[in-house]
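# Structural overview
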Amino acid sequence: MEQTTLSPEYRQQLALAGLTPLWEHLSNALPHGRPAGLTRANLWRYADVRPLLLQAGEQVPVEKAERRVLVLSDPGRGPASMQATGGVYAGIQLILPGETAPTHRHSPSAARVVIEGGGGFTVVNGQVCPMERGDVILTPSGQWHDHGHKGAGPVTWLDVLDLPVFTAVEAAYAEAGTPGCNVEHTMATLQSQLLRDGLAVPAALRRANPYPMLRFPWARTRAALLELARHAPEGAPVELTYVNPETGESCLPILGFTAMLLPGGRPLAPMQRSPGAVFHVIEGQGESTVDGKTFSWSARDTFTAAAFAEITHCADVHGGPACLLRIDDEPLHRKLGFFQERQFA
Ligand code: GTQ
């Protein structure tokens, strides 16, 4: 039911009592059939973002900015929106040679997907994670981190955070680092090295550290995608999910990361999924149609899709396979007991 004929006196009594009639809001709060999201699918071409980011490099000192980032602001949410989809914040960060983005920590978890440059690194609880193109590096909730750059030329990466969720539940905050806070937890470093090599882990740390792997090198993921593509049945999606190697669960509690390989010239219509998504192109070129809107993309571009979007992806027939990384809030949807997939095509 929409607006009802309530007497003005009664409305005023309700307002004074801090009450509102559900029947006037029910269909807005719980829309029929599918969520009425705000997210408007959008494409951010790196070629457009890069010069603007480099201007920020000239105009904004990193110490002042704390993080020199241009936020991918969902056009469906009006100006200066701090989110790309309902659950995901995304931004592109720049660090110049010799700079340090100062140590801090925050309640939301973050991950970086390296876009450009060499010599960048992120230090997470003292663990030094080199940043090479396509690498995914986690900075989980509450872990001290800073970024540095000992190479030449600009280093850029895509930041994703579960900030919108933390904001929604009034849990978003940060703390500045103090001298010596970002120090190595030797056991944790050892644990991640051992896991990377497929060996045993220190017994005392087994499953005690919810983030045993902080860096997922692209070179390895890429090789695994190519191998998987050789064995996958014709037309089946070639996808790798980034997990906690000790538990097989998603590598972060709210955000999910899936690397996908798209063979050239073969359109793929993945299931409609309940979480909205951010797609980042690591290699190749092609186009995707998201709820009727077609985006032509190439390496380093980023585009979004709303909840339950109808999507088709197709890598260019002559460009060889393309690799995309999908970042979404699937792990949260699963924890909510809600995650859904539907076949649309
Ligand atoms: O690098 O720690 O894009 O704290 C937004 C908030 C990046 C970071 C962002 C952050 C960071």
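Residues numbered from 1 in each chain as written. Predicted model: local features only at pLDDT ≥ 70, side-chain atom pairs only at ≥ 80, totals over all residues. Heavy atoms only, no water.

## Side note on helix α7 (residues 218-231)
Spelled out, the test is: A helix here means a DSSP run of H or I that spans at least four residues, while a strand means a run of E at least two residues long, and both kinds are numbered starting from the N terminus. Expected helix span is taken as 1.5 Å per residue step, with the number of steps being one fewer than the number of residues. Should any heavy atoms of two residues lie within 4.5 Å, those residues are counted as being in contact.
For α7, which comprises 14 residues, the first-to-last C-alpha distance of 20 Å matches the rise-based estimate of 20 Å (1.5 Å per residue) to within 8%. Buried residues in α7 make contact with β12 (215-216), β13 (238-241), β14 (256-262), β16 (277-283) and β21 (322-328).

## Remarks on the UniProt feature "domain: Cupin type-2" (unreviewed entry) in the protein chain
As a reminder of what qualifies: UniProt positions are given in the numbering used here, feature names are shortened, and annotations may be inferred rather than shown by experiment.
Per the UniProt record, the feature "domain: Cupin type-2" (unreviewed entry) sits at residues 92-160. Between the C-alpha atoms that bound residues 92-160 the distance is 9 Å, and the span itself is 0% helix and 61% strand.

## Quick look at the environment of D162
Threshold: The buried label goes to any residue with under 20% of its type's maximum accessible area, the exposed label to any with over 50%, and the partly exposed label to all in between, with areas taken from a 1.4 Å probe on protein chains only. As used in this structure description, the phrase polar contact means that two N or O atoms lie within 3.5 Å; if the pair is within protein, one of them must be able to donate a hydrogen and the other to accept it, and residues adjacent in sequence are counted only when both atoms belong to side chains.
Within the secondary structure, D162 is located in the loop between β10 (155-161) and α5 (163-168). With relative accessibility at 1%, the residue D162 sits in the buried group. As a C-alpha pair, D162 and L332 span 170 residues in sequence and 9.8 Å in three-dimensional space. Of note is the side chain of D162, whose polar atom sits 2.8 Å from the backbone nitrogen of S109.

## Side note on the packing of aromatic side chains
The condition that has to hold: Aromatic rings from Phe, Tyr and Trp, taking only the six-membered ring of Trp, are treated as a pair when their centres fall within 6.5 Å; an angle between ring planes under 30 degrees marks them as stacked, one over 60 as edge-to-face, and anything in between as tilted. Look at NZ for Lys and CZ for Arg. If either is within 6 Å of the ring centre and within 35 degrees of the ring normal, a charge sits over the ring.
Considering all chains together, one arrives at 4 aromatic pairs under this definition. Here F295 and F303 contribute two aromatic rings whose centre-to-centre distance is 5.9 Å and whose plane-to-plane angle is 45°, an arrangement assigned as tilted. Accessibility expressed as a relative area gives 6% for F295, which makes it buried. Centre to centre, the rings of W297 and F303 are 6.5 Å apart; their planes meet at 10°, and the pair counts as stacked. The exposure classification of W297 matches that of F303, with both residues buried. Pairwise contacts between aromatic rings join F279, F295, W297 and F303 into one cluster. If you follow R342 out to its NZ or CZ, it ends over the ring of F308, 4.1 Å from the centre.

## Comments concerning the pattern of salt bridges
Inclusion rule: One side-chain nitrogen of Lys or Arg within 4 Å of one carboxyl oxygen of Asp or Glu is enough to make a salt bridge.
Evaluated as defined, the whole model comprises 15 salt bridges. Across the salt bridge formed by R230 and E227, the nearest N and O atoms sit 3.4 Å from each other. Within this pair, R230 and its partner E227 are both found in helix α7, separated by 3 residues, close to a single helical turn. Judged by relative accessible area, R230 falls into the exposed class, the value being 61%. Taking relative accessible area as the criterion, E227 reaches 39% and is therefore assigned partly exposed. Taking the shortest distance from any N to any O, the salt bridge between E234 and R266 comes out at 3.7 Å. Separated by 32 residues along the polypeptide, E234 in the loop between α7 and β13 and R266 in the loop between β14 and β15 (272-273) bring together distant segments of the chain.

## So, the site of the ligand
To keep it simple, the criterion reads: The rule for a residue being near a molecule or strand is that one of its heavy atoms must lie within 4 Å of it. Residues were grouped as follows: Ala, Val, Leu, Ile, Met, Phe, Trp, Tyr, Cys and Pro as nonpolar; Asp, Glu, Lys and Arg as charged; and all remaining residues, including Gly, as polar.
In the vicinity of the ligand, the contacting residues are R67, V69, Y89, Q93, H104, H106, R112, H145, H147, D159 and L161. A distance of 2.8 Å separates an oxygen atom of the ligand from a polar side-chain atom of R67. Mapped by element, the contributors of at least two residues to the shell around the ligand are β3 (89-95), β4 (100-106), β9 (145-149) and β10. Residue composition of the shell around the ligand, by class: 3 nonpolar, 5 polar and 3 charged.

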